[in-house]
Structure formats: C-alpha cells, structure tokens
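Residue-level structure breakdown
Listed below, chain by chain, are the residues.
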Amino acid sequence: MRRVVRQSKFRHVFGQAVKNDQCYDDIRVSRVTWDSSFCAVNPRFVAIIIEASGGGAFLVLPLHKTGRIDKSYPTVCGHTGPVLDIDWCPHNDQVIASGSEDCTVMKNMQEPIALHEMDTSNGVLLPFYDPDTSIIYLCGKGDSSIRYFEITDESPYVHYLNTFSSKEPQRGMGYMPKRGLDVNKCEIARFFKLHERKCEPIIMTVPRKSDLFQDDLYPDTAGPEAALEAEEWFEGKNADPILISLKHGYIPGKNRDLKVVKKNILDSKPTANKKCDLISIPKKTTDTASVQNEAKLDEILKEIKSIKDTICNQDERISKLEQQMAKIAA
C-alpha cells in the first residue's frame, strides 16, 4: 500500500547549529536533576542556571556576549538552595523570576482535548509550543535531538514533521520568543542548547526563495504589552494577548515600570488608647486579643532592634579588623 505524504508548509523545516564563535563557552551548567529547562531567553538576554556554592545562582548574559565567559562574571544570587527554574517576564525584558528548592508552585490543568503518544525519552521531555505556527518541539534531557510536530484541529491532531540531531546530548534548553527571531531569514524558532560547559544556539528555518516578508509564517504574534493588570487577573478577568506585527521586525519599546507592593505587618500595629467617634468603649471591656497582639508586636520590635544593634557592632568590629590587616600588609 502506497503511503500518502501529508502536505505542510513546515514539512521542510530544518535546524542548524551556529558556529563555535557564536556560542557561550566555559559555563558551569547546573547538575541538579530537575525537570526544568535550566535556561530562559528573551530578545535581549539569555539566563542559565549554574553550579554555585552556598546556595543557588544563575547567569544572565546579553545575547551578543558570545565566546568564553570569564569565571568571575557576576551571577544572580540570593537563594539558600539550588535554583530549579527561571523565566523572563513576558512584559518586561529586564525582569526575571527564579524558583528554588524552598519554593513550591502548583500552574490546575483542565481535561485534554486529546491524548497522543508523541515521543519517548530516557530523560525528561521538554515541550515548547508555538501557537503562531501550531508546531510543538520536544527536547529530551540527555538526548541529542529535537523532534517537532504540527498540531491541527482534525484527527489525528498531531503530525510528525522532522528531527534535528546533533552529536552532543543536551542538559537543558532555552526557547526564544517569536519577537526575537530574524524574519528576513525565515527563522521560525531559535533554541539555546545547554552542554556541560557551553550554550549553543540552534536556528530553525523554513526554506524560501523569496526575500519578501512571509505572511503565512509570521502572523501577528503576542507582544510585550500586557492585556490585563495583575490585580484584574486575580479578580478573575481574562483577555486575549495584545498582538504585534513582525513585518518590519520587532522594535523594542520602553519597558513597563515594575510595581512591587510589599505590605509591612508592623504597619498594622493597633494604636494605643484609640477612641471611637460613634461608640464609647470603657477600658474594662478592652478586647483581650488586641492586648495580646500589641504585646507580641512590641516583643517583635524589641527583637528587631536587638538584632540591628548586634549587626552594627559586628560591622564596627569588621571595620577595625580590616584596618589592622591594611596596616600589617603595608
């Protein structure tokens, strides 16, 4: 029986690794056995989780800073445990979030429209889905290939396209947002493959002879502008993403101001001898719980003051020791 080949404009998509001088070398990629990608990318930076002593850390590099990375290059620290996952804010290319062993996040899945065994791997499979082209890429940790499939609305829903293979296995993978791709080269995806001590970009392109903008490959895509504020989303509101055109390439605009609201529990300390305008409350009927809370807050404030005094004394002691060391060295 003759096999019928399904027609698709993405059937001839091929992947190509960049040259060595365009890779990021001498990076101590994390050895933590976790099911995250260990890498996050946006049009400006690539972030990689690395090995670090005394807690977790990750590296943030400008995309153009390729080649050998100095061991003294600054890292982002602050976690007491290993960093397990990182991701860039989709609305501000300067903001990144990280999760460590001391954090737990649990993103309630609805019932799937269909179940299909797409691929198997000895390690964790990392899926990357492009809603603009309806292509899903599967990268297996410890594997040396990237398999990609096209998703359609008709059964069997999932259609195999091709496989990109290389010699070295991947320890993690980063995925560039669509607005960071080169539309002049018909680039539809770009991955950042993590080796043991290197980060290697891999470019996926569709072969086209024309130099004109390919509308069928680049429909309007999600831009950096948020459709809802965080407060609106928490209130249960929903909205479609704000789309942008890539016809003339993506031009980064001004980043949104990041608003961080931190509530201080000490600000809620009850005021002593508070008077009520409507009801006169005798002192004898003072609420016992309020008195206990006030006493507890006073205790916390005293402890904070004690800790601050201790830190100040230690700083003075360190300063004196440093002066003594400077005199001895001189």
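Residues numbered from 1 in each chain as written. Predicted model: local features only at pLDDT ≥ 70, side-chain atom pairs only at ≥ 80, totals over all residues. Heavy atoms only, no water.

1. Here we look at the overall build of the protein chain
Tallying secondary structure elements over the protein chain gives two helices and 18 strands in all. Relative to its full complement of 330 residues, the protein chain shows a buried share of 31%. Summed over its atoms, the accessible surface of the protein chain is roughly 23200 Å², and 52% of this surface lies on carbon and sulfur atoms. (Helix = DSSP H or I, 4+ residues; strand = E, 2+ residues; numbered from the N terminus. Buried < 20%, exposed > 50% of the residue type's maximum accessible area, 1.4 Å probe, protein only. Areas by Shrake-Rupley, 256 points an atom, 1.4 Å probe, with all protein chains shown as cover.)

2. Considerations on the sheet that holds strand β3 (residues 39–41)
Spatial strand order, β3-β4-β5-β7: four strands in an open sheet with antiparallel pairing. Only two strands of the sheet have a single neighbouring strand rather than two, namely β3 and β7 (76–79). Strand-to-strand twist across the sheet, computed as the mean angle between neighbouring axes with direction ignored, equals 20°. Note: β3 against strand β4 (residues 45–50), three bridges, orientation antiparallel. Each bridged residue has a counterpart across the sheet, and for Cys39 the counterpart in β4 is Ile48. (Pairing = 2+ DSSP bridges. Axes fitted to C-alpha atoms, helices over the stretch in contact; angles between N-to-C directions.)

3. Overview of the pattern of salt bridges
Two side chains that carry opposite charge are able to pair once their charged atoms sit near each other. Applying the stated rule across the entire model yields ten salt bridges. For Arg179, the salt bridge is made with Asp93, and the minimal N-O distance between the two is 3.0 Å. The exposure class of Asp93 is buried, given its relative accessible area of 4%. Between Asp216 and Arg208 there is a salt bridge, with its nearest N and O atoms 2.9 Å apart. (Salt bridge = Lys/Arg side-chain N within 4 Å of Asp/Glu carboxyl O.)

4. Concerning empty space enclosed by the protein
Within this model, the largest cavity holds a volume of roughly 90 Å³. In terms of lining residues, the largest cavity is bounded by Asp26, Ile27, Arg28, Ile50, Leu59, Ile69, Asp70, Lys71, Tyr73 and Thr75. Of the residues contributing to the lining of the largest cavity, the split by class is five nonpolar, one polar and four charged. (1 Å grid on protein atoms, 1.4 Å probe; cavity = no way out; pocket = protein on both sides within 12 Å on 5 of 7 lines; lining within 4 Å. Points joined across faces, edges and corners; volume = space filled by probe spheres on them. Nonpolar A, V, L, I, M, F, W, Y, C, P; charged D, E, K, R; others polar.)

5. Remarks on the confidence of the model for the protein chain
Per-residue pLDDT for the protein chain averages 80, and the proportion of residues at 70 or more is 79%. Contacts from residues 269–286, a stretch scored under 50 in pLDDT, to residues over four places away or in other chains number seven contacts. (pLDDT = per-residue confidence, 0-100. Contact = heavy atoms within 4.5 Å.)

6. Section: the sheet that holds strand β11 (residues 135–140)
The strand order across the open sheet formed by four strands is β10-β11-β12-β13, and the pairing between neighbours is antiparallel. Looking at strand neighbours, the two that pair on one side only are β10 (125–130) and β13 (158–165), the edges of this open sheet. Shown here is a sheet whose adjacent strand axes are inclined to one another by a mean of 20°, direction ignored. Summarising the sheet, β11 and strand β12 (residues 145–151) pair through five bridges and their orientation is antiparallel. Within the sheet, the bridge partner assigned to Leu138 lies in β12 and is Arg147.

7. What to know about the nonpolar core
Counting 26 residues, the largest nonpolar core has Tyr24, Ile27, Val46, Ile48, Phe192 and Cys199 as its most contacted members. Going through the elements one at a time, β3, β4, β5 (56–62), β8 (83–88) and β15 (187–194) are the ones with two or more residues in this core. Top contributing element to this core by residue count: β4, with six residues. Those residues in contact with Cys199 that lie beyond four places of it in its chain are Cys23, Tyr24, Ile27, Val46, Ile48, Phe192, Lys193 and Leu194. Grouped together as the second largest cluster of nonpolar side chains are 25 residues, Ile135, Ile146, Met173 and Leu246 included. (Core = buried A, V, L, I, M, F, W, Y, C linked by side-chain atoms within 4.5 Å.)

8. Concerning the packing of aromatic side chains
Both the distance between ring centres and the angle between the ring planes are used here to describe each pair of aromatic rings. Under the definition given, this model contains eleven aromatic pairs. With 5.3 Å between their ring centres and 45° between their planes, Tyr175 and Phe191 make a pair best called tilted. With Tyr175 in strand β14 (residues 172–175) and Phe191 in strand β15, the pair connects residues that are 16 residues apart, well separated along the chain. Looking at Phe191, the relative accessible area reads 0%, which means it is buried. (Phe/Tyr/Trp six-rings, centres within 6.5 Å; stacked < 30°, edge-to-face > 60°.)

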